[in-house]
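One letter stands for each residue in the lines below.
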Protein chains: 2
Amino acid sequence: MKLKFDYNNMMESSIGTHGIKQSAIDKAAKAHEAAYKEVVDNSGKGWQGWTETPMIDKATVDELNAFGKSIREKASSFVVLGIGGSALGPICVFNALLHLHHNELNEKMRKAPKIYVEDNVDPERMAALFDVIDIKTTYFNVITKSGETSETLSQFLILYNALKKAVGEKAAKEHIFVTTTIGKGALYAAAEKEGFKIFGVPAGVGGRFSVLSNVGLVPFAVMGIDIESMLYGARAMRTACERKDIYSNPALMTAYLQVLSMKDGKNISVMMPYADGLKTMADFYCQIWAESLGKAVDKAGKTVNCGQTPAKSLGVTDQHSQVQLYTEGPYDKVVTIIGVDTFGDSVTIPADETADIGDFLKGHTMNELITAERKSTEFALTKAGRSNFTITMPTVDAETVGELLMYFMYQTAFAGAYLNIDTFNQPGVEEGKKATFAMIGRAGYEQKLKELESAVKDEKYIIS
Amino acid sequence: MKLKFDYNNMMESSIGTHGIKQSAIDKAAKAHEAAYKEVVDNSGKGWQGWTETPMIDKATVDELNAFGKSIREKASSFVVLGIGGSALGPICVFNALLHLHHNELNEKMRKAPKIYVEDNVDPERMAALFDVIDIKTTYFNVITKSGETSETLSQFLILYNALKKAVGEKAAKEHIFVTTTIGKGALYAAAEKEGFKIFGVPAGVGGRFSVLSNVGLVPFAVMGIDIESMLYGARAMRTACERKDIYSNPALMTAYLQVLSMKDGKNISVMMPYADGLKTMADFYCQIWAESLGKAVDKAGKTVNCGQTPAKSLGVTDQHSQVQLYTEGPYDKVVTIIGVDTFGDSVTIPADETADIGDFLKGHTMNELITAERKSTEFALTKAGRSNFTITMPTVDAETVGELLMYFMYQTAFAGAYLNIDTFNQPGVEEGKKATFAMIGRAGYEQKLKELESAVKDEKYIIS
C-alpha cells in the first residue's frame with residue numbers, strides 16, 4: 001500500500017475535548033470484530049461482489065486494453081452515457097489521470113479521444129455536446145447496470161437516432177457498446193437485438209461499488225489508463241483492508257472513527273483534496289458515502305435515520321470559502337484532507353521576476369506553496385479543536401488511484417457494518433422515480449399521478 | 001422580480017412535524033424588524049457597500065462594455081487570476097451564461113475568447129494552462145481586493161514573467177489589468193509602477209459580496225455578457241429585498257426560515273440547481289453562506305460557534321448520489337432546489353426511434369424529463385417530511401442571474417443579522433495564512449514556525 005493515513009487529529013491527544021479517546025477505540029473490540037467479519041468473511045458474497053473486481057486475470061486485462069486501443073485509434077470523441085455509479089468512476093479517473101484540459105489539447109498532444117461523461121438530462125448540455133463532437137467519429141459507451149435507467153435510456157435514444165442519421169443504421173451499431181447486466185433489463189435486450197457489443201457487470205456489484213468492474217474499466221481502457229496498475233493498487237488496498245488489527249487497517253479504523261464522530265453529532269464529512277485532479281474524487285466519495293449510509297432503518301428494522309452528509313471541498317481554493325466555517329462554526333464535521341507528495345509537474349515562482357511584489361514567494365515552487373497551505377489548514381483545524389485526518393498519496397497515478405477507490409469502498413462497507421444497516425440498497429430513491437414515471441405519463445402510474453396532483457400549495461407561502 | 005420563491009415545503013402544513021409553524025414566523029415580528037433595519041437601514045454603509053454595486057450609471061457600463069469589446073476582439077484566451085470571492089463570481093456567471101463547452105467551440109461559434117478562472121495553486125493545473133493558451137494573445141485580469149493574496153500573487157509572478165519572455169516587457173504590460181482596492185496593497189503599488197490598467201474595488205465591498213462590482217463586471221464585459229440587464233435584475237431584487245412585509249420579502253423570509261431550521265438542528269444547507277449551467281452558482285452560494293455565517297462569536301462577544309454547512313448538489317445527477325440520504329437520513333438539512341422553467345435549448349427524445357427500449361420516454365423532451373424529475377424530488381422530499389424550498393427562474397439569462405446573485409447576498413446579510421454576528425469578517429482564516437507564511441519562510445513568522453514544528457505526531461495513529 002502506497003497511501004498513508006494519519007488520524008492523529010481525530011484524537012483527543014491532538015484536538016482536545018472534541019477528539020476521540022483511544023479507550024473508545026480499544027473498548028469496542030467486539031464491534032470491530034463484528035464489522036470486520038461482516039465485510040471480510042463475506043468477500044465476494046451477496047452484494048459484496050465488488051471485493052473481487054480487481055481480481056480479473058491478465059487475459060481479460062489484455063482484451064480490455066486491445067479494445068480500448070481499437071477505439072482510441074479511430075475515435076475523435078468518446079462519450080459515456082450513464083449517471084450516478086455509472087458515471088462517477090469514469091469522471092473521477094478521467095479527471096485524476098488525464099491532462100486537466102484534456103479536451104482542449106490539440107490532437108498531437110492528446111493521447112486519447114476527447115472524453116465526455118454525460119450524467120444529466122439537461123437539454124442545454126445535450127445540445128452543447130452536439131456542438132463539440134463530430135458524431136461520425138464519436139463512440140458511445142452506454143452504462144446502466146439495471147438497463148432501465150430513464151436518464152441514460154433517454155440519452156441513448158437521442159444519440160442512437162442521431163448516429164443512424166449521420167452514418168447509417170449499420171455503421172451506427174459499431175459506434176455503440178453497452179455495459180449492463182448480462183441477460184437482464186431493457187438495455188441488454190435492445191443491445192442483443194441491435195447487435196451492439198456488450199460488456200457485463202458482474203453479479204453482486206452495485207452501481208456505486210462498480211468502478212473497478214467493466215463499468216469503469218471499459219472507459220479507462222479507451223482513455224489509455226494503465227488498468228493493470230490500477231487493479232494492482234486496488235488489490236494492495238484490499239490486502240491492507242483485510243488486516244485484522246484495527247490499528248493497521250486504514251478502512252476499518254477510519255470507518256470506526258467516522259461512526260464514533262457521527263454518534264458524537266458530527267453529521268458532516270468534508271472531503272478536501274489538495275489537487276485539482278482529485279476534485280471529482282470527492283464526488284465519488286460523496287456518492288458512496290451518502291447513498292450507502294443514509295438509511296431510514298437498520299437491519300433489525302428499527303428506525304434510525306442515520307447517515308453523514310458528505311461535502312466536497314477543494315484545497316487551497318476553498319480555504320477562501322469554507323475554512324472560516326470549519327474553524328469557527330459548529331463542531332459538527334470531520335474533514336478528510338487528501339494530500340499529494342509529488343505532483344506531475346513543478347512550477348517555480350520566478351526568483352528573477354522584477355515586479356516589486358510578493359518577494360517572500362519568489363524562488364519557491366507552487367508545489368511548496370500548495371503543500372504548505374495544506375499543512376497550514378491541518379494545523380489551523382487542529383489548533384481550533386476540529387476533527388481532521390489526512391490521506392497522503394505519494395503521487396497520483398493509476399496504482400494510487402486504484403488504492404484510493406478501493407479504500408473508499410472498504411471504508412463505506414465497514415461503516416455500514418458498524419451502523420448495522422444495509423449498505424448496498426437505496427430504497428429512498430424509489431418514490432422519486434415513481435413520481436417521474438407518473439408525470440411523464442408512463443402506463444401503470446396513474447394513481448401516483450393523482451397523488452402528485454392532489455398536493456396543494458398555499459399561495460401565501462410563495463413570493464414573486 | 002422574475003424569480004419565484006416557494007417555501008410551502010418548509011412549513012408544517014406541507015411536511016408535518018419537522019416543518020415550521022406559521023406562528024413561529026408571526027411571533028418573531030421584532031426579530032424581523034431588527035434584521036430588516038440592520039440590513040436595509042445600513043445600505044451602502046460600513047461593509048454594506050455591496051448593496052450599491054448595481055447602481056452604477058450608464059456611462060460606466062458603456063466604458064466597461066467598450067473595454068470588454070476591445071479585449072474580446074484581440075484575445076484568444078482570457079484568464080482571471082483570483083481566488084475565493086475574486087473567482088466565484090466570474091466562474092458562476094461564465095458557467096451560467098456562456099456555452100457549456102465554450103472553450104471547446106471553434107472560433108466561429110465562440111463569441112468570446114477562451115475563458116479560464118485560475119483559483120488554485122496546483123502546479124499541474126498551472127502547467128496545464130500553459131498547454132492550452134497562446135500566451136502571446138492571452139489577457140490576464142489579476143483580481144485581489146486586498147492586493148496581498150499569496151495564491152494570486154504567485155500566479156501573477158509566474159504569468160507576468162512568462163508574458164515578458166513571450167512578448168517583451170513593454171507589450172506584456174498591455175496584457176495585464178488588475179482589479180484591486182485603489183491606493184492600497186502590494187498589487188496596487190506594483191500595478192502603478194508597472195503601468196497596468198487598474199480597476200477599483202469600491203470601499204465597503206467584501207470579496208464574497210463583490211460579484212457586481214468591477215471584480216465581476218470586468219470579466220463579464222470581456223465575456224460579452226449583458227451587464228446592463230444583469231444590474232437591472234440585481235436592482236429589481238434589491239427592491240424586493242427591501243419590502244417590509246416578510247411575507248413579500250424573499251431574502252428576509254428565507255433567511256429566517258434557514259435560521260429557524262439551524263436552531264432546530266438543521267445544520268446543513270443543500271443547494272441543488274436543476275441545470276448544469278447553474279452548477280457553479282452553488283459554489284457561489286457555498287462561499288457566501290459558509291464564510292459569512294460560520295462564526296465563533298456573536299456581536300456581543302459570546303461564543304456561539306454558529307453556521308450552517310452548505311453542500312452542493314446537482315439535479316438530476318445527484319438524485320443518483322445524494323437523494324437517498326436526503327429522504328432517509330437524519331432530519332438535519334434544508335434543500336434549496338433551483339428550477340428553470342424554459343431552457344435555452346430543447347431536445348426531443350425521438351418518437352420515431354426504432355430501438356425497442358424506453359418507449360414511455362419517446363416523444364417527450366429532455367426539458368420535460370428534467371422538470372418532471374425536479375418536481376418528483378420535491379415531492380419525494382416533502383412526502384418524507386424533509387424541509388425544502390424551490391426558487392424558480394423563468395429562464396437563465398443575465399437579468400435572472402443578476403437577481404439570483406443579489407438574492408444570495410441579501411439572504412446572507414439578513415441571516416447574519418438574525419444571528420447577531422458579524423457577517424462580513426473572516427477571522428478564522430488568519431491562523432492558516434500565518435502558518436503558510438511561516439512554512440514558506442516569510443520574515444517575521446519565525447515564532448509561528450516553531451509552533452508548527454512543535455506539533456508531535458503519534459506514529460501509532462498513522463497507518464501505511
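Fair warning: this is a prediction, and the values are worked out from it, not measured in the lab.

Quick notes on the rules
Residues numbered from 1 in each chain as written. Chains lettered and ligands numbered in written order. Predicted model: local features only at pLDDT ≥ 70, side-chain atom pairs only at ≥ 80, totals over all residues. Heavy atoms only, no water. Contact = heavy atoms within 4.5 Å. Buried area = accessible area lost by both parts, 1.4 Å probe. Salt bridge = Lys/Arg side-chain N within 4 Å of Asp/Glu carboxyl O. Polar contact = N/O pair within 3.5 Å; in protein donor to acceptor, adjacent residues only side chain to side chain. Helix = DSSP H or I, 4+ residues; strand = E, 2+ residues; numbered from the N terminus. Buried < 20%, exposed > 50% of the residue type's maximum accessible area, 1.4 Å probe, protein only. Axes fitted to C-alpha atoms, helices over the stretch in contact; angles between N-to-C directions. Left-handed = near helix turned anticlockwise from the far one by under 90°. Nonpolar A, V, L, I, M, F, W, Y, C, P; charged D, E, K, R; others polar. 1 Å grid on protein atoms, 1.4 Å probe; cavity = no way out; pocket = protein on both sides within 12 Å on 5 of 7 lines; lining within 4 Å. Points joined across faces, edges and corners; volume = space filled by probe spheres on them. Core = buried A, V, L, I, M, F, W, Y, C linked by side-chain atoms within 4.5 Å. Least-squares fit on C-alpha atoms with pLDDT ≥ 70 in both. Parallel < 35°, antiparallel > 145°, perpendicular 65-115°, else oblique.

1. Thoughts on the interface of chain B and chain A
Taken together, the 152 residues of chain B in the interface contact 152 residues of chain A. Summing both sides of the interface, chain B and chain A together bury roughly 13200 Å²; the carbon and sulfur share of this comes to 61%. Across the contact surface, chain B and chain A share 16 salt bridges. Linking K164 of chain A and E353 of chain B is a salt bridge whose minimum nitrogen-to-oxygen distance equals 2.7 Å. Inspection of the region where chain B meets chain A yields 73 residue pairs in polar contact (both at pLDDT 80 or more).

2. As for unusual backbone geometry
Geometrically, the link from G315 of chain A to V316 of chain A is a cis peptide bond, its omega value of -5° lying close to zero. Inspection of the secondary structure assignment puts V316 of chain A in the loop between β10 (309-312) and α14 (323-328). Unlike most non-glycine residues, N305 of chain B shows phi in positive territory, near 40°. Along the chain, N305 of chain B falls in strand β9 (residues 303-306). Under the relative-accessibility criterion, N305 of chain B is labelled buried at 19%.

3. What to know about the side chain of E328 of chain B
Looking at the secondary structure, you find E328 of chain B in helix α14 (residues 323-328). Polar side-chain contacts of E328 of chain B include one of 3.5 Å to the backbone nitrogen of G428 of chain A. A distance of 3.0 Å separates polar atoms of two side chains, one belonging to E328 of chain B and the other to Q324 of chain B. The contact partners of E328 of chain B, leaving out residues within four places of it in the chain, are G294, K295, A296, N305, C306, P427 and G428 of chain A together with R386 of chain B.

4. Here we look at the packing of helix α5 (residues 85-97) of chain B against helix α16 (residues 398-419) of chain B
All names here are of chain B. Between α5 and α16, whose axes approach to 11 Å, the crossing angle comes to 145°. As α5 runs across α16, the sense of the crossing is right-handed. In this structure, α5 contributes C92, V93, A96 and L97 to the contact, and α16 contributes A398, V401 and L405. Residue composition of the contact of α5 with α16, by class: seven nonpolar, no polar and no charged.

5. Brief notes about empty space enclosed by the protein
Picture a little ball the size of a water molecule; that probe, rolled over the atoms, points out where space is still empty. Enumeration over the complete set of coordinates arrives at four cavities of 30 Å³ or more. Approximately 80 Å³ is the volume found for the second largest cavity. As for the second largest cavity, its lining consists of L88, D283, C286, P310, A311 and K312 of chain A together with A311, K312, D318, S321 and Q322 of chain B. Residue assignment for the lining of the second largest cavity shows that the elements contributing at least two residues are α13 (281-293) and β10 of chain A together with β10 (309-312) of chain B. Ranked by residue count, the leading element in the lining of the second largest cavity is β10 of chain A, at three residues. Tallied by class, residues from the lining of the second largest cavity come to five nonpolar, two polar and four charged.

6. Here we look at the nonpolar core
Judged by nonpolar contacts, the single largest core of 309 residues is most densely connected at Y7 and F156 of chain A together with Y7 and F156 of chain B. Other than its neighbours up to four places away in sequence, F156 of chain B contacts A355 and I357 of chain A together with L81, V142, I176 and F196 of chain B.

7. Brief notes about the relation of the copies chain B and chain A
You can overlay chain B on chain A at an RMSD of 0.0 Å; the transform is a turn of 180° with a shift of 0.0 Å along its axis. With respect to symmetry, the two chain copies, as superposed, fit the operation of a two-fold axis. Counting the interface residues of chain B, we find that 100% of their copies in chain A are interface residues as well, pointing to one common contact surface.

8. Section: the packing of helix α17 (residues 430-440) of chain A against helix α18 (residues 446-453) of chain A
Residues and elements named next belong to chain A. The geometry of α17 relative to α18 is characterised by a closest axis approach of 8 Å and an angle of 95° between their N-to-C directions. Between α17 and α18, the crossing angle belongs to the class labelled roughly perpendicular. Two secondary-structure elements touch here, α17 through E431, K434, A435, A438 and M439 and α18 through K448, L449 and L452. Across the contact of α17 with α18, the residue classes tally to five nonpolar, no polar and three charged.

9. Describing the environment of T342 of chain B
Residues and elements named next belong to chain B. Turning to its location among the elements, T342 is positioned in the loop between β11 (333-340) and α15 (366-383). For T342, a relative accessible area of 47% corresponds to the partly exposed category. Along the chain, T342 and G216 lie 126 residues apart, while their C-alpha atoms are 26 Å from each other. Sequence-distant contacts of T342, that is, excluding residues within four places in its chain, are made with P394 and T395.

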